[in-house]
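Structure assessment
Chain by chain, the residues run as shown.
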Amino acid sequence: MLHRRIYQFLMIYFIGFAGLMLVKYSLNLSDYVIPGFSEIGMACRRYFWLYLLAVLNTLAVAILGHLLSICMATLVGIIGRLTIWIGSFIRVAAYNIQAYPIVAVAPIIFILLGDGLSSRLLIAAMICYFPLLLSIIGILSEPVAEIEHFFESTRRMNWQLQVKIRAFENMHKLMTVIVGSATLAMVGTIVAEFIAANAGIGYSIRIALYQSDLAKILVALFLIGICTSIYLVFLEWLGMEIKKRIGSV
Amino acid sequence: MQRQLFDHFGLPVMGLILILILAGCTPEAEKPLEEVSYRLKWLYNISVVGDLYALDSGLFKKQGLAVNVKPGGPEKDAIKELELGHAQFGVASADQVIRAVSKGSPIVVIAQLFQTNPLHWIYRPDKIPLKTPQDLKGKTIGITHGGNDETIMRALLAKYGIQENEVTLFSVRYDYTPFYQGKVDLWPLYRNAQAPIIGAKLIKAGERFDLMDPSKMGIRFVANSVVTTRKMLEDRRETVQRFIKALLEGWREALDPANTEKAIALLLKYNKETPEDIVRQQLPATRILMMPSAKFRFGAIDVAAWQQTEEIMLAQKLIPVSVYVEKLLKPMNNK
């Protein structure tokens, strides 16, 4: 699974890279607009390890933010499914808050929390939390009639059992949403770092942009892609393991 | 017989001649205008008032040009647009120009807008009296990592032999809270655009402020200049001349104290977010940075300052080798 993901990412990356080179050489653009092979190679040699550490830093924050979002979304999702009114209220609130562009909200967060870890974490969580929440509410609000009917008729149904049934029956959907939101957590962290943090790959990209250095950005994009792919594969594996364990119980 | 001939041919011929004469008298403005695009460095603010003045007062049109003045922004790079053919003229800072040329970009500088770099550091003179550069020792100084201000501050520290461990460099963003709270002693800002806003807030809070100008300490790092491609200058030199003539006239008029009201009204038309009282403070501040004296020839290129900018970039390894910056400077303001 891992090698397939990496292989797919490399294909996409190098197709994009080839497209850039095609534009560069067909339009005879300078290295300032699109860097050439030698410049990219030099940036790679100079910044690979530095950027790898920065990406790992970002990934660590993204994973924390992602976990935070999953826990919160599950909690709110369970409450949200209790009654129709609360569920509908949370859903509308989530849609509304999700509609705010994070770049407009981020300055307020940074003023309140400073430009340290907490701001990055919160923004990462915010970006992936709402899509997760909406999906979890949707999944947990949907009855699995054929199974739930049995427990209801035997009067053994309680809310914990109901959540378990709905989660298990929709495990594939849940895992897809969780894996999908992992990329959002990564994007959220990078955006946060780009806007105001002092660490992480988003911060490095910002500096590279100040210096109009696309070679560095290409190196950063490569590492972001590889690390994100590894994280996604790990999540998919985790999902399969959970499903196997639940199935065997 | 002659009378008959005149009646038959003379009148129509004379009519035709009259039509041709009238056609020749058609105003030049009715000729199709030559379209060019001009990418600014930043959004519509006080630093582009002259560009807007040239556009709004019809100065470009008078030169036979239909100029599409496009606002800039943090991710917009005029030099890249010139190379890609999306614009024919643009505004770029000197470090951008030098960096681009060092990577083979075929651009030239045709006018220099700011004669003094607007990048200054704001500080509270009551708290930190800055009499000499040595007074920077022990201070917490705001810089934007990767930005111009970092380069300028590092050059300043190097010039006066101040080691990096003798100051605390604080990474800044758009949020001024650390400066307001006194955590940072000196904060970088643009003297003409931001200083009136931040200064007003400090005064409101009962504090005094002053500005540290690196150029007064011997660091003359060039800011915004007008650029075009070498090809454009060679193939369409006459267009470049007409463009720069209109542009510099626009700037001269916008900065002329006699046109203050017109310039302010124009900027407020394009930038509705900045309050009028702030724009009133920004305009004279811009005038000082662009027109050092009333007789100054607007747009003149300060070759020595460009050379110093290149030397600073070389010293800080921002470019690998010299680009011989003087070769890029093609002043058009005296044509």
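Computed from a prediction, not measured in an experiment: that's the story for all the values here.

On to the overall build of chain A, then. Helix and strand counts for chain A stand at 10 helices and 0 strands. Expressed as a percentage of the 249 residues in chain A, the buried residues total 45%. The long-range fraction of contacts in chain A, counting pairs at least 24 apart against all pairs at least 6 apart in sequence, stands at 74%. If you sum the accessible surface of chain A, you get close to 13100 Å²; carbon and sulfur atoms cover 72% of it.

What follows concerns the pattern of salt bridges. Under the defined criterion, the tally for this structure stands at 22 salt bridges over all chains. In this structure, E236(A) engages R5(A) in a salt bridge whose closest nitrogen and oxygen atoms are separated by 2.2 Å. Of this pair, E236(A) sits in helix α10 (residues 214-248) while R5(A) sits in helix α1 (residues 2-27), placing them 231 residues apart in sequence. Relative accessible area serves as the criterion here: at 22%, E236(A) is assigned to the partly exposed category. Its relative accessible area of 24% is what places R5(A) among the partly exposed residues. Residue R208(B) is joined to D126(B) by a salt bridge in which the shortest nitrogen-to-oxygen separation is 2.9 Å. Of this pair, R208(B) sits in the loop between α8 (195-204) and β9 (210-212) while D126(B) sits in the loop between β5 (119-123) and β6 (140-143), placing them 82 residues apart in sequence. By relative accessible area, R208(B) is classed as partly exposed at 49%. What emerges from the salt-bridge pattern is a single network uniting E34(B), R236(B), E238(B) and R242(B).

Compared with the 36 Å implied by 1.5 Å per residue over 25 residues, the 34 Å span of helix α5 (residues 117-141) of chain A between its first and last C-alpha is a close match. The axis of α5(A) is deflected most strongly, by about 35°, at Y129(A), and proline P131(A) appears within four residues downstream.

On to the environment of M157(A). With respect to the helices and strands, the residue M157(A) is situated in the loop between α6 (145-153) and α7 (159-169). Leave out the neighbours within four places in its chain, and M157(A) touches E148(A), F151(A), E152(A), Q162(A) and I165(A).

All names here are of chain B. Counting residues in hydrophobic clusters, the biggest one holds 46 residues, and the most contacted among them are Y38, F60, I110, V226, F243 and I244. It is helix α10 (residues 237-255) that contributes the most residues to this core, 9 residues altogether. With near-sequence residues (within four places) excluded, I244 lies in contact with I110, A111, V226 and M332. In this structure, A87, I98, L130 and M313 belong to the second largest nonpolar core, which totals 44 residues.

So, about the sheet that holds β5(B). Residue and element names in this part refer to chain B. The 3 strands are arranged β8-β5-β9 in an open sheet whose pairing can be described as antiparallel. At either end of the open sheet lies a strand with only one pairing partner, and these are β8 (187-190) and β9. Here the average twist between neighbouring strands, direction ignored, is 45°. Note that β5 and β8 share 4 bridges and pair antiparallel. Paired with I122 across the bridge in β8 is W187.

So, on to the sheet that holds strand β1 (residues 34-39) of chain B. What links the strands of a sheet is backbone hydrogen bonding, and the strands pair in either a parallel or an antiparallel sense. Residue and element names in this part refer to chain B. Strand order in this open sheet of 5 strands is β2-β1-β3-β10-β4, and the pairing throughout is mixed. In this open sheet, the two edge strands, each paired with only one partner strand, are β2 (65-70) and β4 (107-112). Averaged over all pairs of adjacent strands, the angle between strand axes in this sheet comes to 30°, irrespective of strand direction. Relative to strand β3 (residues 89-93), β1 runs parallel, the two being bridged by 2 bridges. Bridging from a neighbouring strand, Y38 pairs with F89 of β3.

Next up on the list: the interface of chain A and chain B. Taken residue by residue, the interface counts 26 residues in chain A and 21 residues in chain B. The largest contributions to the chain A side of the interface with chain B come from Y32(A), Y210(A) and Q211(A), which together make up 33% of the buried area. Summed over the shared surface of chain A and chain B, the result is 2 salt bridges. With its nearest N and O atoms 3.0 Å apart, the salt bridge here joins K103(B) to E39(A). Taken together, the connections running from chain A to chain B amount to 5 residue pairs in polar contact (both at pLDDT 80 or more). For the side of chain A that touches chain B, the secondary structure elements donating two or more residues are α4 (102-113), α8 (171-195) and α9 (201-210) of chain A. Ranked by residue count, the leading element in the side of chain A that touches chain B is α9(A), at 5 residues.

Our focus in this paragraph is the domain arrangement of chain B. Residues and elements named next belong to chain B. Considered domain by domain, chain B is made up of domain 1 (31-116 + 222-328) and domain 2 (119-217). Facing 17 residues of domain 1, the contacting portion of domain 2 comprises 12 residues. One can count 0 salt bridges joining domain 1 with domain 2. At the junction of domain 1 and domain 2, the tally comes to 4 residue pairs in polar contact (both at pLDDT 80 or more). Here the side of domain 1 that touches domain 2 takes 7 residues from helix α12 (residues 276-290), the largest share from any one element.

Backbone geometry at S212(A) places phi at a positive 50°, although glycine is not the residue there. Within the fold, S212(A) resides in the loop between α9 and α10. The exposure class of S212(A) is buried, given its relative accessible area of 9%. For Y324(B), which is not glycine, the phi dihedral falls at a positive 50°. On the secondary structure map, Y324(B) appears in the segment after α13 (303-315).

Let us now look at the side chain of T228(A). Inspection of the secondary structure puts T228(A) in helix α10. Residues in contact with T228(A), not counting those within four places in the same chain, are T183(A) and M186(A).

Here is what the cut-offs are and how they apply
Residues numbered from 1 in each chain as written. Chains lettered and ligands numbered in written order. Predicted model: local features only at pLDDT ≥ 70, side-chain atom pairs only at ≥ 80, totals over all residues. Heavy atoms only, no water. Helix = DSSP H or I, 4+ residues; strand = E, 2+ residues; numbered from the N terminus. Buried < 20%, exposed > 50% of the residue type's maximum accessible area, 1.4 Å probe, protein only. Contact = heavy atoms within 4.5 Å. Areas by Shrake-Rupley, 256 points an atom, 1.4 Å probe, with all protein chains shown as cover. Salt bridge = Lys/Arg side-chain N within 4 Å of Asp/Glu carboxyl O. Expected span 1.5 Å × (residues − 1). Bend = angle between axes of the 7 residues up to and from the residue. Core = buried A, V, L, I, M, F, W, Y, C linked by side-chain atoms within 4.5 Å. Pairing = 2+ DSSP bridges. Axes fitted to C-alpha atoms, helices over the stretch in contact; angles between N-to-C directions. Buried area = accessible area lost by both parts, 1.4 Å probe. Polar contact = N/O pair within 3.5 Å; in protein donor to acceptor, adjacent residues only side chain to side chain. Domains from an automatic or database assignment.

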